[in-house]
Amino acid sequence: TLSGLTAGVTYYVRAYAVNGGGTSYGYQQSFVLSAAPFAELDPGFRAAGWYARSAWGDYDNDSDLDLFLAGYDAGATPMASARIYHNNGDGTFTDVNAGLPNVEFGTWGDYDRDGDLDLVVSGLVYETNTRVTEIYRNDNGSFVSLNAGLTPVEYAELAWGDYDNDGDLDLVVAGDDATGVPRTTLYRNDGGVFVNANAGLLGVDSAGLAWGDYDNDGDLDLALSGYTGPGASHARLYRNDGGTFVWVDVGLVQAGDGTVAWGDYDNDGDLDLLLSGSVDGLTEATRLYRNNGNGTFSENTAAGLKDIYGAAAWGDYDNDGDLDLVLSGAYGANVSFTDVYRNNGDGTFTALNLGLRPLQGGAAVWGDCDNDGDLDLLLAGYSETDDAEYTRLYRNNTGIWNTPPAAPTGLSASVTGGVASLSWNAATDAETPASGLTYNLRIGTGPEKNDVLSGMANLTTGQRRLPALGNVNHNTSWAIRGLADGTYYWSLQAVDSTLAGGTWAAAGSFPVGTFYHLTATTGTHGTITPTGSVAVLAGGSAHFTITPDAYYHVADVTKNGVSVGAVTDYSWTNVTADGTLHAVFAPDLAANGTPHWWLAQHGWTNNFDLAEAADTDGDGQFAGQEYLADTNPTAASSVFRVIGFVSRPTVAVTCASSASRLYTLYRSTDLAAGAWLPVFGQTDVAGTGSPLILHDPTVPQPARCFYRIGVRLP
């Protein structure tokens, strides 16, 4: 055995034997001593021992995970504390002094769908013996009490989840009320008002709570564990049947004071269940239940997990595409224990014996807090070895990078009676099998909004605000209920076993209610916004902005063929049928009809009436005349004139021509009278851009005859 070696260094070794005949050398071998998978750090977090709860969450939307940390430290003042630590992005954290009550429990969730993480906290303020359960709204980094009217409890546990599929997060709270009676209350979120749903859940304290759609039927079910009284532990699975919760006896060990955690450890596309806790306060149990895919579970007796009561969390620490497990708690005579179990991919787990600080009564949570592509570990709890509380961060040093999943494809939506049914194709990932991916859905009233169902992830990059399963779990279809009439936009991302989100799929949209289509079009030299087909809810309105190009104006706007005037803004109200809106534009003209755009093209940008009458190039023709002739008003050589004349046998008059002008040959036999008549057949002859020959076929010609050529716009 060699000791004192440095991790990451290549060492070379070979054996040799010596006897009287000499020395014999073996082959040279080399090896590199691997670094420990985790390095313990002490970022200066407050020690959170008994009843510790922690949760990673990017509350300030700066793309790194901040930390909520709460717990009890008997040697501190106050004894309990709830704090938010801002991630500074350099490995350090700063207490933001959020002003939260000093309790032991809390968790993140965007209950108001405004794009930032709010917080719910609960527990006992020891100094005043006051129970608290309160939601704090995140107002740009400041946390404001909602005064939600929730029942205050201690020995609490909390979990957010949209159980009724209306897009906003509901809340389940378990703990002892002021009379010491265990209660489990489901609060329905009705637009930010929390109402007791009277779900009939078993009242427990020292609870474990976890939402998950274990039967893949499109709504969230609930796993619950805890104590109904001294020595009376329970664990239950409640199936969500359209908002009604039905207790399903699947043979769970009746344990409390621990954890329930959903995770698809075998990557077969359904959620398995990990349950740890104390059975009636007498023995410890850690049980892994495999989801059989038919509503039943089988205990995985080969898992090889330590029996504890305490914290447990799923996370793929080694980026190999399957969920590993951390356990932290107590066994036997309150002996502390913490270890990570590697998923072997065959239903068994191997304890890594990493030498992590053994703790009990606390928290264990995964999160990539340094954005290096692997899961770090936060541990908090009590150590009976030195009778002290600790909070420690373990940086992941495996050096194995994770590739986020590809975006889902094939988004499809249909609507019936205010219920939107959404579906998509399964995504792919380099590490996690497609069947092991979960999905994170967002819905909003605009393409870049999630104000109907919050995805709690960056809308551009897909980076998650929470390290958690996707909010619709393994499903590739989901329904949203109770939508008001309007147009909705939606997208989703895949989430892999490291809890990392991939890029968002290209957003889709769907209408709810009766819509009519207004078709907005224009002629040339201007725009209308919005343009094309515009969907408008029956009885609703649409506003249009009509914008002419420079040196043009709105000539007319017609609604269903009827003029509404030369307006630049138009509001179409009370839409009750399909319709059309069309705008036409005309050039701005100087006093004698020369377009402003043409004058501007030749250097004039104001005083257009003066410009029209100016002979800038001194060729004897005013700018207005040169416009009619389509010559250059700034070049004396560019002038409209006759360039050829032949009088026999018939008259032929030649002039330079423009392809955008019409030419007429005129004849007069009496200049004094000024009588000019167009020559038959030589009226409005289209120019060619080349010399144009106009003929007078009259034979014989009058004794004296004069000719000139007129030019005009088509």
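Cut-off values and rules
Residue indices begin from 1 for each chain and proceed along its sequence in written order. pLDDT decides what is reported in this predicted model: residues at 70 or higher carry local features, side-chain atom pairs at 80 or more are listed and counted, and totals for whole chains, interfaces and linings draw on all residues regardless. The side-chain numbers reported here are obtained from all heavy atoms of the structure, hydrogens and water having been left aside. Put simply, DSSP marks the helices as runs of H or I at least four residues long and the strands as runs of E at least two long, and each gets a number from the N terminus on. Radius of gyration here is computed from C-alpha atoms only, and the compact-globule reference equals 2.2 Å multiplied by the residue count raised to the power 0.38. The rule is simple: take the accessible area with a 1.4 Å probe, protein chains only, and divide by the maximum for that residue type; under 20% is buried, over 50% is exposed, in between is partly exposed. Throughout, a residue-residue contact means that at least one pair of heavy atoms, one from each residue, lies within 4.5 Å. Think of it this way: Lys and Arg go in the positive column, Asp and Glu in the negative one, and His and the chain ends go nowhere. Where a charge sits is defined by one atom per residue type, namely NZ (Lys), CZ (Arg), CG (Asp) or CD (Glu). Paired rings are identified among Phe, Tyr and Trp, the last through its six-membered ring, by centres lying within 6.5 Å, and are further divided according to the angle between planes into stacked (under 30 degrees), edge-to-face (over 60) and tilted (the rest). When the NZ atom of lysine or the CZ atom of arginine is within 6 Å of a ring's centre and also within 35 degrees of its normal, the charge is said to sit over that ring. Within this document, salt bridges are pairs made up of a side-chain nitrogen of Lys or Arg and a carboxyl oxygen of Asp or Glu, the two lying within 4 Å of each other. When DSSP finds at least two bridges between two strands, those strands are taken to pair. Axis definition: a line fit to C-alpha positions, over the contact stretch in the case of helices; interaxial angles, taken between N-to-C directions, run 0 to 180 degrees. Joining through side-chain atoms within 4.5 Å is the link that ties buried Ala, Val, Leu, Ile, Met, Phe, Trp, Tyr and Cys residues into a set, and such a set is a nonpolar core. N or O atoms closer than or at 3.5 Å make up a polar contact, with two conditions inside protein: a donor-capable atom paired with an acceptor-capable one, and, for residues adjacent in sequence, both atoms drawn from side chains. Cysteine sulfur atoms are paired as a disulfide whenever they come within 2.5 Å of each other.

Per the secondary structure count, the protein includes 3 helices and 53 strands. Here the C-alpha radius of gyration of the protein, 40 Å, is well above what a compact globule of 714 residues would show, namely 27 Å. Taking the principal axes of the C-alpha coordinates as reference, the protein spans close to 135 × 85 × 50 Å. The buried share among the 714 residues of the protein stands at 49%. Here the analysis covers contacts within the protein between residues at least 6 apart in sequence; of these, 53% occur between residues at least 24 apart. Once the 31 positive and 84 negative side-chain charges of the protein are each reduced to a mean point, those two points are 8 Å apart.

With that settled, the discussion passes to the environment of Thr519. Tracing the backbone through its elements, the reader meets Thr519 in strand E39 (residues 515-522). Each C-alpha atom of the pair Thr519 and Thr531 lies 7.2 Å from the other, and the pair is 12 residues apart in sequence. Among residues more than four places away in sequence, those in contact with Thr519 are Gly532, Ser533, Gly579, Thr580 and Leu581.

This model, assessed by the stated rule, comprises 31 aromatic pairs. Pairing Trp262 with Phe297 gives two aromatic rings, centres 6.3 Å apart and planes at 45°, and the pair type is tilted. You can see Trp262 sitting in strand E22 (residues 256-263) and its partner Phe297 sitting in strand E25 (residues 297-299), a full 35 residues away along the chain. For the pair formed by Trp262 and Phe297, the shared burial category is buried. Put simply, the rings of Phe45, Trp56, Tyr85 and Phe93 pair up and form one aromatic cluster. When the ring centre of Trp504 is taken as origin, the NZ or CZ atom of Arg442, which lies over that ring, is 4.5 Å away.

One side chain can pair with another of opposite charge once the charged atoms of both are near each other. Overall, the coordinates contain 19 salt bridges when judged by the stated rule. For Glu40, the salt bridge is made with Arg392, and the minimal N-O distance between the two is 3.7 Å. On the criterion of sequence distance, the pair formed by Glu40 in strand E5 (residues 38-41) and Arg392 in strand E32 (residues 388-396) is long-range, its members being 352 residues apart. The partly exposed category is assigned to Glu40, whose relative accessible area is 37%. Residue Arg392 is classed as buried on the basis of its relative accessible area, which comes to 14%.

Turning our eyes to something else, we now look at unusual backbone geometry. Thr529 connects to Pro530 through a cis peptide bond whose omega is -5°. Within the secondary structure, Pro530 sits in the loop between strand E40 (526-529) and strand E41 (532-537). Even without glycine at this site, Asp257 takes up a positive phi of about 55°. Residue position: Asp257 is located in strand E22. Taking relative accessible area as the criterion, Asp257 reaches 33% and is therefore assigned partly exposed.

This part takes up the sheet that holds strand E45 (residues 569-572). Taken in spatial order, the 3 strands make up an open sheet running E40-E42-E45, and their pairing is antiparallel. Only two strands of the sheet have a single partner each, and these edge strands are E40 and E45. Strand-to-strand twist across the sheet, computed as the mean angle between neighbouring axes with direction ignored, equals 15°.

Tracing the backbone through its elements, the reader meets Val279 in strand E23 (residues 272-279). Measuring from C-alpha to C-alpha, the distance between Val279 and Gln254 comes to 6.0 Å, with 25 residues separating the pair along the chain. Apart from the residues within four sequence positions on either side, Val279 is in contact with Tyr227, Ser233, Val253, Gln254, Ala255 and Ala285.

Attention now goes to the nonpolar core. Counting 37 residues, the largest nonpolar core has Trp211, Phe245, Leu441, Ile443 and Phe510 as its most contacted members. Among the elements that line this core, the one with the most residues is strand E37 (residues 486-495), at 4 residues. Discounting residues that sit within four places of it in the chain, Leu441 has contacts with Leu422, Leu453, Ser454, Gly455, Asn471, Val472, Trp478, Trp490, Ser491 and Leu492. Counting residues in hydrophobic clusters, the runner-up holds 33 residues, among them Tyr111, Val125, Ala156 and Leu466.

Spatially, 3 strands are ordered E35-E37-E38 in an open sheet, and the strand pairing comes out antiparallel. Edge strands, defined here as strands with exactly one partner in the open sheet, are strand E35 (438-444) and strand E38 (508-512). Between one strand axis and the next, the sheet turns by 30° as a mean value, whatever way the strands run. Direction of pairing for E35 relative to E37: antiparallel, over a ladder of 7 bridges. By the bridge assignment for E37, Gly444 is matched with Tyr489.

Let us now look at the environment of Thr616. Checked against the element boundaries, Thr616 lands in the loop between helix H2 (608-612) and helix H3 (623-629). Considering only alpha carbons, one finds Thr616 and Thr634, 18 residues apart in sequence, at a separation of 6.0 Å. Beyond its immediate chain neighbours, meaning those up to four positions away, Thr616 contacts Trp604 and Pro633.

Attention now moves to the side chain of Asp324. Relative to the helices and strands, Asp324 is located in strand E27 (residues 324-331). Summary of buried charges: Asp324 has no salt-bridge partner, and the nearest side chain of opposite charge, Arg342, is 6.3 Å away. A polar contact is formed between the side chain of Asp324 and the backbone nitrogen of Tyr317, at a distance of 3.1 Å. Residues contacting Asp324, with those up to four places away along its chain left out, are Ala313, Trp314, Gly315, Asp316, Tyr317, Asp318, Tyr341, Arg342 and Asn343.

In this structure the tally under the stated criterion is 0 disulfides. In this structure Cys705 is not part of a disulfide, and its nearest cysteine sulfur, from Cys655, lies 17 Å away. Among the residues examined, Cys705 registers a relative accessible area of 22% and is labelled partly exposed.

Turning our attention to the side chain of Glu626. Mapping Glu626 onto the fold places it in helix H3. Summary of buried charges: Glu626 has no salt-bridge partner, and the nearest side chain of opposite charge, Arg641, is 9.0 Å away. Only 2.6 Å separates the side chain of Glu626 from the side chain of Thr631, close enough to count as a polar contact. If we ignore the near neighbours within four places in the chain, the residues touching Glu626 are Trp598, Asp617, Asp619, Gln621, Thr631, Asn632, Pro633 and Ser638.

We now examine the pairing of E38. With burial as the criterion, only one face of E38 is covered, namely that bearing Gly508, Phe510 and Val512; the residues Ser509 and Pro511 on the opposite face remain uncovered. Bridge analysis of E37 against E38 gives 5 bridges, and the strand direction is antiparallel. Across the sheet, the residue bridging to Tyr488 is Phe510, located in E38.

Read these as spatial facts, not as claims about activity.
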